[in-house]
Number of protein chains: 2
Amino acid sequence: MRLVVIGGVAAGLSAASRARRLDRWLEILVLEQGQAVSYGACGLPYYLEGRVSSPEELVVYTPEYFRQERNIAVRTGAQVVAVSHPRRQVTLAGGERLHYDRLVVATGARLDRSAIQGGELAQVFTLQTPAEARRLKEFLEQRRPRRAVVVGAGYLGLVLAEVLRTHGLAVSIFEATSDVLGRQDAGFTELLRKHLERFHIELRCQTRITAIEAERVAGVPCDLVALACGLRPNAEMAAEAGIEVGRTGAIRVSERAETNLAGVYAAGDCAEAFHLVTGRPVYLPLGATANKTGRVAGANAAGGRERFAGITGTCILRVCGLSVAVTGLSEVQARKEGFDPVAARIEEGDKPRYFGGRPTAVELVVDRRTRRLLGGWVTGEDAVSGRINVIATALANRMRIEEFGQLDLAYAPPFAPVWDPLLTAAQQVAKLVD
Amino acid sequence: MRLVVIGGVAAGLSAASRARRLDRWLEILVLEQGQAVSYGACGLPYYLEGRVSSPEELVVYTPEYFRQERNIAVRTGAQVVAVSHPRRQVTLAGGERLHYDRLVVATGARLDRSAIQGGELAQVFTLQTPAEARRLKEFLEQRRPRRAVVVGAGYLGLVLAEVLRTHGLAVSIFEATSDVLGRQDAGFTELLRKHLERFHIELRCQTRITAIEAERVAGVPCDLVALACGLRPNAEMAAEAGIEVGRTGAIRVSERAETNLAGVYAAGDCAEAFHLVTGRPVYLPLGATANKTGRVAGANAAGGRERFAGITGTCILRVCGLSVAVTGLSEVQARKEGFDPVAARIEEGDKPRYFGGRPTAVELVVDRRTRRLLGGWVTGEDAVSGRINVIATALANRMRIEEFGQLDLAYAPPFAPVWDPLLTAAQQVAKLVD
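Here the structure is a predicted model, which means the values were calculated and not measured. (Residues numbered from 1 in each chain as written. Chains lettered and ligands numbered in written order. Predicted model: local features only at pLDDT ≥ 70, side-chain atom pairs only at ≥ 80, totals over all residues. Heavy atoms only, no water.)

Mind showing me how you'd approach the overall build of chain A here?
What chain A contains, in helices and strands, is 12 helices and 24 strands. Expected size for 434 residues packed as a compact globule is a radius of gyration near 22 Å; at 23 Å, chain A falls within 12% of this value. If you line up chain A on its principal axes, its C-alpha atoms span 65 × 50 × 40 Å. The proportion of buried residues among the 434 residues of chain A is 58%. Long-range contacts, defined as pairs at least 24 residues apart, comprise 63% of the intrachain contacts of chain A with a sequence gap of at least 6. (Helix = DSSP H or I, 4+ residues; strand = E, 2+ residues; numbered from the N terminus. Rg over C-alpha atoms; globule rule 2.2 N^0.38 Å. Buried < 20%, exposed > 50% of the residue type's maximum accessible area, 1.4 Å probe, protein only. Contact = heavy atoms within 4.5 Å.)

Shown next, in the form of structure tokens:
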């Protein structure tokens, strides 16, 4: 019995490891097209920043580790070009064919350079692999660019903008939509725009970049372009093999992470995930989800029966000293999903003044009809992750706002005011639904 | 229509303020036996520490503020000595009688000095009121004591121990039970004992103090004794008035904060609260609960229909640089409540190493039969409040461990590892129930 896993980063290796734990006799083979496996891609910006001294530092485990400690074979440089499910076979780029009994597709996502004219120019970078990060770092050090354009105001674009600013570059971020983080929230975007401006980072929304010229983008002179937009699932090969792809363009999976083909599972950035608030599949490729869905795919591929409940779309980042986190739906998104949303925002100290409390802002979105909490965001310096996680936990449990407003949250002066900002925000938004 | 509120601190003033918001015509009279109202008693240790320069800084609102801004009459020095419900009357110490239509009892709790022989000696202190805090601060500055005994290893005892240590005193904590924070958790107590030892604070459990001598307690020489044990609800007067008191000794209330007498409500440290994990009333006097129950009592006293869902017993403190938080039940407590608990503890970095991750420990307790999460604790330096709050939110929603282990918690390198320590702990404890 052989399990083949296509992809050797977060989802693929989580799947392989979990499968091994449930079945010590299963033959497990991981095929990774790149040279590196098991690296924390989320740490690559911090290699550019200098906090991480080399991309190798971000490698969690080596192929040797998997072979020796977990009896999992990992082949790098092994690009799968086709899957034939009737034959239970994958074909590698060199023509080699490998049999599988169970298959986990964890092919990830890519930033499609070719979608932008000039995307192949030498001064254009993505930040998906250690090799690409190394190339960008060398460019920064050797060419000393002075003006950067970042394309995309999602997680990666915002983090990259700060890193480039730290390197002394003038930075403009161009975002095709009206909003940052794909959030459809004008107030939130404005808050971030103002914050970035204080650090001399320009944010221009509703500016779709279709072409990069040698020394300028959308009329703005620049000698470095970072692409951080249009992440697309690597689902084409799966589709050709008869694996169903959802409306999002990513592989459709059941709550068991199984595709429409029996014995074929998908996980991570190539697959959809169930959104716990909308109740529909969504494409939100994030590292933590890749690990969780990989685990479930691996367990079920090894004969287990696990399910992945779904996500609420939690995302956090720190940019220029401000921590920013979102989860669930914004008011606009909620309305589009058929809810009757109201939103309220509060800003107050995150601790008593005598413990150096700093401003934190919380917005909560609630459905007027059901009084159910639908989403929220938190900004501040400290404790932002803890507060967004409470909202995410409430969303996973479909909490109503009055229950949320009475949560027994930790109170002591070094940590929070007696009414936690989350509870104050709950009181404010509850007034709008009363 | 007149609402009388007995007690002018957290619960009483929350009740009065909430009642005013729901009914602008109601006559509202708050009777406070002390001289100060609306002070944050939780901040008093930080006045001793020096971070807060005077107890006045902890006063949130003055009686004048309530009169002018909220049309709420607040009388200080007004000690209620009796309640006659048939007459709808309270009697003050001077003999004055005041009519009420609705009554909120928010008489708080007290540390009973008289329960300990020698409790009235000049070197014995409690820390319940600003006046008492001032007396202790003067004693510290003028008498320069060298060796302190703290009686009680609850929240206040632990915080006071650190404050006294900061003042240069040798400190021993004597606790009557086997455990700190009333948690019945030997491992957690041991962890705290070791931490305190590093700061030369001695913790002796199973040492009940019944007498204080002039210069020693339980054989240990000392020139200062801080009482931080045996907080008891001020429920006697209510009981004499026919208000039902529960087995805990505190006033029994419905989820509407109403007592057995129609139109008489109770809230805060004098009342029981419903425990969301055990499903039974419990006596856990804490400031955040006082504010919430006061709010509900005030709303219903003003004709509203609000309910207080209950508590999970969340408690947090920082002691000698370590943040420590508990919620729900320990394994021993869970067994006593009839559950079939298992517990697992993990310790790992709270962030990636390159973001200066520091050790954090998480213990989760789960019921083997239902797989329901029952409680947990978290220790560490950073993000402890956020993590305990996620557990508290999960408990309020009766989450099962496998759902908890898939929560969409925020991940980015500045904040957490890709598997949040909460999720890793969930995986560990899930293995024990599989």
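Looking at this structure, I do not really get the sheet that holds strand 22 (residues 341-349) of chain B. What am I missing?
Pairing between the strands of a sheet is mediated by backbone hydrogen bonds and can be parallel or antiparallel. Residue and element names in this part refer to chain B. Strand order in the open sheet formed by five strands is 20-21-24-23-22, with antiparallel pairing between adjacent strands. In this open sheet, the two strands that pair with only one neighbour each are strand 20 (315-319) and strand 22. Taking the axes of each pair of neighbouring strands and ignoring which way they run, one obtains an average angle of 10 degrees across the sheet. Relative to strand 24 (residues 373-380), helix 10 (residues 384-396) is tilted by about 180 degrees, and along the sheet it contacts strand 20, strand 21 (322-328), strand 23 (359-367) and strand 24. (Pairing = 2+ DSSP bridges. Axes fitted to C-alpha atoms, helices over the stretch in contact; angles between N-to-C directions.)

Help me understand the pattern of salt bridges, please; the structure alone is not making it clear to me.
Oppositely charged side chains are able to pair whenever their charged atoms sit close together. All names here are of chain A. Overall, the coordinates contain 50 salt bridges over all chains when judged by the stated rule. Between R368 and D340 there is a salt bridge, with the nearest N and O atoms lying 3.3 Å from each other. Placement of the pair is R368 in the loop between strand 23 (359-367) and strand 24 (373-380) and D340 in the loop between helix 9 (331-336) and strand 22 (341-349), with a sequence separation of 28 residues. On the basis of relative accessible area, R368 is assigned to the partly exposed category, the value being 39%. One salt bridge in this structure joins R371 and D434, with 3.1 Å as the shortest N-O distance. Separated by 63 residues along the polypeptide, R371 in the loop between strand 23 and strand 24 and D434 in the segment after helix 12 (421-433) bring together distant segments of the chain. Through salt bridges with shared partners, one network takes in R371, R400, E402, E403 and D434. (Salt bridge = Lys/Arg side-chain N within 4 Å of Asp/Glu carboxyl O.)

Honestly, the interface of chain A and chain B in this entry has me stumped. Any pointers?
Many structure descriptions define interface size as the accessible area lost when the parts assemble. At the junction of the two partners, chain A supplies 57 residues and chain B supplies 57 residues. Both sides together, the interface formed by chain A and chain B hides about 5,000 Å², and carbon and sulfur atoms give 61% of it. The tally of links between chain A and chain B comes to zero salt bridges. The tally of links from chain A across to chain B stands at 17 residue pairs in polar contact (both at pLDDT 80 or more). Listed by contribution, the elements that provide at least two residues to the side of chain A that touches chain B are helix 8 (287-301), strand 20 (315-319), helix 10 (384-396) and helix 12 of chain A. Taken together, the residues that form the side of chain A that touches chain B break down as 31 nonpolar, 16 polar and 10 charged. (Buried area = accessible area lost by both parts, 1.4 Å probe. Polar contact = N/O pair within 3.5 Å; in protein donor to acceptor, adjacent residues only side chain to side chain. Nonpolar A, V, L, I, M, F, W, Y, C, P; charged D, E, K, R; others polar.)

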